[in-house]
Amino acid sequence: MCGDEAETRDHLLMECPTAINAWREYPSFFSSLKPGMTFVDWVEEILSKFSHPEIEIFCTIAWFIWRHRNEVWSGTGDHEASQIPTKATRYAIEYLEAVSKAPPIPNVQNNK
């Protein structure tokens, strides 16, 4: 995405300037990122320290960073990296609000 290093999962989601700028908007997430961590290590750290809705926001930010990478790679989308934290947070909150209002799924048993 940035062209500075090989595009590994860890570089893309944790070390690339675009990712770093997105994560800095969330000091609690960013401060839990320690030197030598892989993205998997960081996710485990987030899952152990945070709960709902922070976990959903974290995952959505990571997804939006990945989505931004795909847009840059394919030449589509708005390429507005500075909006990743705001858009991802809004998306996660809207999703959480929608599922909290959804009617319960009926328990249907298979009568075979």
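Heads up: the structure comes first, above all this text.
Residues numbered from 1 in each chain as written. Predicted model: local features only at pLDDT ≥ 70, side-chain atom pairs only at ≥ 80, totals over all residues. Heavy atoms only, no water.

**Student:** What exactly am I supposed to notice about unusual backbone geometry here?
**Tutor:** Trans is the prevailing form of peptide bonds, just as negative phi is the prevailing case for residues other than glycine. The linkage connecting histidine 52 with the following residue, proline 53, adopts the cis geometry, with an omega of 0°. By the element assignment, proline 53 lies in the loop between helix 4 (39-49) and helix 5 (54-74). (Helix = DSSP H or I, 4+ residues; strand = E, 2+ residues; numbered from the N terminus.)

**Student:** Sorry if this is basic, but what is going on with the pattern of salt bridges here?
**Tutor:** Two side chains of opposite charge can pair, provided their charged atoms sit close to one another. Evaluated as defined, the whole model comprises four salt bridges. Its salt-bridge partner being aspartate 10, residue arginine 9 comes within 3.2 Å of it at the nearest N-O pair. Residue class for aspartate 10 comes out buried when judged on its relative accessible area of 16%. Between lysine 49 and glutamate 45 there is a salt bridge, with the nearest N and O atoms lying 3.1 Å from each other. Of the two residues, lysine 49 and glutamate 45 are both situated in helix 4; the distance of four residues between them amounts to about one turn of the helix. The class of glutamate 45 is partly exposed, set by a relative accessible area of 24%. (Salt bridge = Lys/Arg side-chain N within 4 Å of Asp/Glu carboxyl O. Buried < 20%, exposed > 50% of the residue type's maximum accessible area, 1.4 Å probe, protein only.)

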